[in-house]
Amino acid sequence: MVSFELIILGSSSTLPTSKRFPTAHLLKVDERFFLIDCGEGVQMQLRKFGFNPGRIHHIFVSHLHGDHVYGLFGLLSTMGMMGRKVPLNLYGPSRLKEMMAQHFSFFGSLPFPLDFHSPSSDTSIPIYEDEKVTVTPIPLKHRILTYGYLFREKKKELNVRKDLVENYGIGIADVVRIKQGEDFITSNGSLIPNRRLTLPPYHQRSYAYISDTVFDPDLAGVLKNVDLLFHEATFSNNDKKLAAETMHSTSGQAATLAKMAGIKKLLIGHFSSRYKDHGVLEEEAREVFPYTDGVNDGEIYSVPLERVSTE
Ligand SMILES: [Zn+2]
């Protein structure tokens, strides 16, 4: 079974605590590892939770605030020390390249190429695409240029019912067409609808990463029906004013957006270190959207592969 798993590597905001590293997520889709943001200590977290940094080929950066990028420098250096030769792709605001160039001017360049990719002005265009997954940037509203990212599986081929292939004597060329969604016409001219010849299709699993931002109800459209949404909840509802001043969100606001978008599951994190117990933030969110979890470092969230009913 093809996996679609999110691993929480860090769940704090600016100040790390003894239990929480700054924000970093790892999304595993069928043996692809996408690292999303790179808080300080990300390479230690990868080691701790059993992931080889050498398997990461794509790193997505939301914005150039320290709690989202300080981990990049150590991680890239380690990749070089481990003998990496293949290119590493970095996605994010265009100044990411300039930031890395400054770093390399002090510490020397890497023994492998870095390929930089920035979202174009048309953010409906995927920033990454392969045969299984697309990644689309989502412009956010923070103090500097910031992007969230939407990871979505591509449509899978339909599974053709073997018993009917034999019954109707369907040839290979026709099986290929049926897998793409076409109907079948028998030798005596009767039409067999595709729906009857195939198993219900798999739904396209999705994960959206939204950090950091003010509450933005306009995001409900792009987040519609996603399986798993991570939305920052730096502050409690009581600190709504502080959230607005620093251009962050509260737990209640994250949950409101989740409800508006009709998503399946909400994860909140990027907690301010001022809260000793994030349970309060979780409760506030659940009052609005019950399917909410406050995340902890090391947790894994899987999205199951399910068939959708076509009836
Ligand atoms: Zn942050």
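Residues numbered from 1 in each chain as written. Predicted model: local features only at pLDDT ≥ 70, side-chain atom pairs only at ≥ 80, totals over all residues.

Here we look at the overall build of the protein chain
Step number 1: For the protein chain, the helix and strand inventory stands at nine helices and 16 strands.
Step number 2: Across its three principal axes, the protein chain shows a C-alpha extent of roughly 75 × 50 × 35 Å. (Helix = DSSP H or I, 4+ residues; strand = E, 2+ residues; numbered from the N terminus.)

Observations regarding the sheet that holds strand β8 (residues 133–140)
Step number 1: Spatial strand order, β7-β8-β9-β12-β13-β14-β15: seven strands in an open sheet with mixed pairing. Each end of this open sheet is capped by a strand with a single partner; those strands are β7 (128–129) and β15 (292–294).
Step number 2: Bridge analysis of β8 against strand β9 (residues 146–153) gives eight bridges, and the strand direction is antiparallel. Each bridged residue has a counterpart across the sheet, and for Val 135 the counterpart in β9 is Phe 151.
Step number 3: Contacts from helix α9 (residues 279–288) reach β14 (265–269) and β15, with the element oriented near 170° to β15. (Pairing = 2+ DSSP bridges. Contact = placed C-beta atoms within 7 Å. Axes fitted to C-alpha atoms, helices over the stretch in contact; angles between N-to-C directions.)

Let's talk about the environment of Tyr 168
Step number 1: Summarising the element assignment, Tyr 168 is placed in helix α4 (residues 162–168).
Step number 2: With 26 residues separating them in the primary sequence, Tyr 168 and His 142 have C-alpha atoms 59 Å apart.
Step number 3: Not counting residues up to four positions away in its chain, the partners in contact with Tyr 168 are Phe 184, Thr 186 and Ile 192.

Notes on unusual backbone geometry
Step number 1: Cis geometry marks the peptide bond from Ser 211 to Asp 212; its omega dihedral reads -5°.
Step number 2: Mapping Asp 212 onto the fold places it in the loop between β12 (206–210) and β13 (228–232).
Step number 3: Although it is not a glycine, Asn 225 sits at a positive phi angle of roughly 65°.
Step number 4: Within the secondary structure layout, Asn 225 lies in the loop between β12 and β13.
Step number 5: Residue Asn 225 is classed as exposed on the basis of its C-beta count, with 11 C-beta atoms lying within 10 Å.
Step number 6: Within the chain, His 270 stands out as a residue other than glycine whose phi angle is a positive 60°.
Step number 7: Tracing the sequence through the fold places His 270 in the loop between β14 and α9. (Buried ≥ 20, exposed ≤ 12 C-beta atoms within 10 Å, placed from the backbone.)

Focus on the packing of helix α8 (residues 251–261) against α9
Step number 1: Two elements in contact, α8 and α9, have axes whose closest approach is 8 Å; the angle formed by their N-to-C orientations is 30°. If you check the angle between α8 and α9, you find them roughly parallel. In terms of crossing hand, the pair formed by α8 and α9 is right-handed. Within the contact between the two elements, α8 uses Ser 251, Gly 252, Ala 254, Ala 255, Thr 256 and Lys 259 and α9 uses Leu 281, Glu 284, Ala 285 and Val 288. (Parallel < 35°, antiparallel > 145°, perpendicular 65-115°, else oblique. Left-handed = near helix turned anticlockwise from the far one by under 90°.)

Points about the sheet that holds strand β2 (residues 24–29)
Step number 1: An order of β6-β5-β4-β3-β2-β1-β16 is seen for the seven strands of this open sheet, with the pairing classed as mixed. In this open sheet, the two edge strands, each paired with only one partner strand, are β6 (114–117) and β16 (300–302). Strand-to-strand twist in this sheet, taken as the mean axis angle between neighbours without regard to direction, amounts to 20°.
Step number 2: Summarising the sheet, β2 and strand β3 (residues 32–36) pair through five bridges and their orientation is antiparallel. Of the residues in β3, the one forming a bridge with Lys 28 is Phe 33.

Remarks on the domain arrangement of the protein chain
Step number 1: Partitioning the protein chain into structural domains gives domain 1 (4–156 + 201–302) and domain 2 (162–197).
Step number 2: Relative placement of domain 1 and domain 2: their C-alpha centres are 44 Å apart. (Domains from an automatic or database assignment.)

Some thoughts on the nonpolar core
Step number 1: Of all hydrophobic cores here, the largest spans 61 residues; its most connected members are Cys 38, Leu 229, Ala 258 and Leu 266.
Step number 2: Once you skip the residues sitting within four places of it in the chain, Leu 229 turns out to touch Ala 208, Ile 210, Leu 223, Ala 258, Ile 263, Leu 266 and Leu 267. (Core = buried A, V, L, I, M, F, W, Y, C linked by C-beta atoms within 7 Å.)

Remarks on helix α3 (residues 95–107)
Step number 1: Between its first and last C-alpha, α3 extends 19 Å over 13 residues, near the 18 Å set by a 1.5 Å rise per residue.
Step number 2: Backbone geometry just downstream of α3 places Gly 108 in the positive-phi region, at approximately 85°. (Expected span 1.5 Å × (residues − 1).)

Focus: the pairing of strand β5 (residues 88–91)
Step number 1: Sheet analysis places strand β4 (residues 56–60) next to β5, joined by three bridges and oriented parallel. Each residue of the ladder has a partner; that of Ile 59, found in β5, is Leu 90.
Step number 2: Taken together, the four bridges between β5 and β6 define a ladder with parallel strand orientation. Each residue of the ladder has a partner; that of Asn 89, found in β6, is Asp 115.
Step number 3: The parallel pair β5 and β6 is bridged by α3, and the resulting crossover is right-handed. (Right-handed = clockwise from strand over helix to strand, strands pointing away.)

Things to note about the environment of Gln 253
Step number 1: Along the polypeptide, Gln 253 turns up in helix α8.
Step number 2: Under the C-beta neighbour-count criterion, Gln 253 is labelled buried, with 26 such atoms within 10 Å.
Step number 3: Counting along the chain gives 107 residues from Gln 253 to Thr 146, while the straight-line C-alpha distance between them is 18 Å.

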